[in-house]
Amino acid sequence: MQGKINWNECCAAIFRQDLGALKAVKDVDFTDLDSLIGIEAQKEALLKNTQNFMDGLGGEHALLWGERGCGKSSLVKAVFTHFCKQGLRIIEVGAGELKFLPAVIDEARDSDKKFIIFCDDLSFENGNVDYKFLKPLMEGSIERAPKNALFYATSNRRHLTAETQSDNETVQISSGELHYADAVQEKISLSDRFGLWISFYQGGFEEYLKIVDFYFKDYALDADELHRAAREFAAFRASRSARTAKQFYARFIRNFKDKK
């Protein structure tokens, strides 16, 4: 891979397909763990896994899956931020760029740093076999998988692939048991390659309003009025996710400042 990164000076990089190389990230989106509200169990699981990895005790490849806007990507960035000063590095690879993973793995393997290889919004449509490029990183080949790299991915799909009626057309029943075709088995087993699964779901209005309150903690506002506006905004968006709370904050605080 051309233009190798100086990992002593750079903590994050993104693979750019047009360059065929990694690009150092100069303006890193560092995320504070304390800013993530309502996902305490998810934070604890990914923190513990990453701590084990940093301590040389082994770590699991992690799949963060569930509803949109619930903090999956933010949690990966926050955990990276937490361990960055301890030497953790992160490389982001797009879902459509998995065929370049072998080169990215070589970049990580040649370094004395530890890496999270991060893929956001990972999924595979029917006929897409790019998931096969995950095998050298997650399971190894004739060359062992690198010990200094973990794969963290986010997805809205539990099994990463579309589950359609056509997937079931080759299912056979024998002696009362279901037998799936090899292609279907391969799809279903894809997510099994991740040792750690972390699920995300939208909470109720109580959790949503806690996130709203966190964003507005530095402002002396009428709580009832704020919550009423936040509920109306969530109803309009048909969502009570953390992303919706952040969008409400951006909208409301702008209007609030304009009235001051």
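Structure: see above.
Nothing here was measured: the structure is a model prediction, and the numbers come from that model. (Residues numbered from 1 in each chain as written. Predicted model: local features only at pLDDT ≥ 70, side-chain atom pairs only at ≥ 80, totals over all residues. Heavy atoms only, no water.)

Engineer: Sorry if this is basic, but what is going on with the sheet that holds strand 4 (residues 88-92) here?
Structural biologist: Strands in a sheet are paired, the pairing made by backbone hydrogen bonds, and the direction either parallel or antiparallel. Ordered in space as 2-1-4-5-6-3-9, the 7 strands form an open sheet in which the pairing is mixed. The sheet terminates laterally at strand 2 (21-24) and strand 9 (196-200), the two strands that pair on one side only. Across this sheet, the average inter-strand angle for adjacent strands is 25°, counted without regard to direction. Of the pairings in the sheet, the one linking strand 1 (residues 12-16) to strand 2 comprises 4 bridges and is antiparallel in character. Bridge pairing in strand 2 links Ala13 to Ala24. Together, strand 3 (62-66), strand 4, strand 5 (114-119), strand 6 (149-155) and strand 9 form the strand contacts of helix 1 (residues 40-54), whose direction differs from that of strand 9 by roughly 155°. Sitting on the sheet, helix 3 (residues 101-109) touches strand 1, strand 2, strand 4 and strand 5, and the angle it makes with strand 5 is about 160°. (Pairing = 2+ DSSP bridges. Helix = DSSP H or I, 4+ residues; strand = E, 2+ residues; numbered from the N terminus. Axes fitted to C-alpha atoms, helices over the stretch in contact; angles between N-to-C directions. Contact = heavy atoms within 4.5 Å.)

Engineer: Can you walk me through the packing of helix 1 against helix 2 (residues 72-84) in this structure?
Structural biologist: Each pair of packed helices gets described by two things: the angle between the helix axes and the distance between those axes. Relative to each other, helix 1 and helix 2 sit at 40°, their axes nearing to 10 Å. The pairing of helix 1 with helix 2 is recorded here as oblique in orientation. Here the hand of the crossing between helix 1 and helix 2 comes out right-handed. Side by side, helix 1 and helix 2 meet where Gln42, Lys43, Leu46, Leu47, Thr50, Gln51 and Met54 of the first sit next to Leu75, Val76, Val79, His82 and Phe83 of the second. Residues of the contact of helix 1 with helix 2, tallied by class, amount to 7 nonpolar, 4 polar and 1 charged. (Parallel < 35°, antiparallel > 145°, perpendicular 65-115°, else oblique. Left-handed = near helix turned anticlockwise from the far one by under 90°. Nonpolar A, V, L, I, M, F, W, Y, C, P; charged D, E, K, R; others polar.)

Engineer: Got a minute to help me understand the nonpolar core in this structure?
Structural biologist: One broad rule of soluble globular proteins: the nonpolar side chains tend to lie buried together. Residues Leu46, Leu64, Leu75, Phe80 and Ile116 are the most contacted members of the largest nonpolar core, which totals 28 residues. For this core, the secondary-structure elements that each account for two or more residues are helix 1, strand 3, helix 2, strand 4, strand 5, strand 6 and strand 9. For this core, the leading source of residues is helix 2, giving 7 residues. In contact with Leu75, not counting residues within four places along its chain, are Leu33, Leu36, Ile39, Gln42, Lys43, Leu46, Leu64 and Phe200. Judged by nonpolar contacts, the second largest core, of 26 residues, contains Cys10, Ala13, Leu22 and Leu63. (Core = buried A, V, L, I, M, F, W, Y, C linked by side-chain atoms within 4.5 Å. Buried < 20%, exposed > 50% of the residue type's maximum accessible area, 1.4 Å probe, protein only.)

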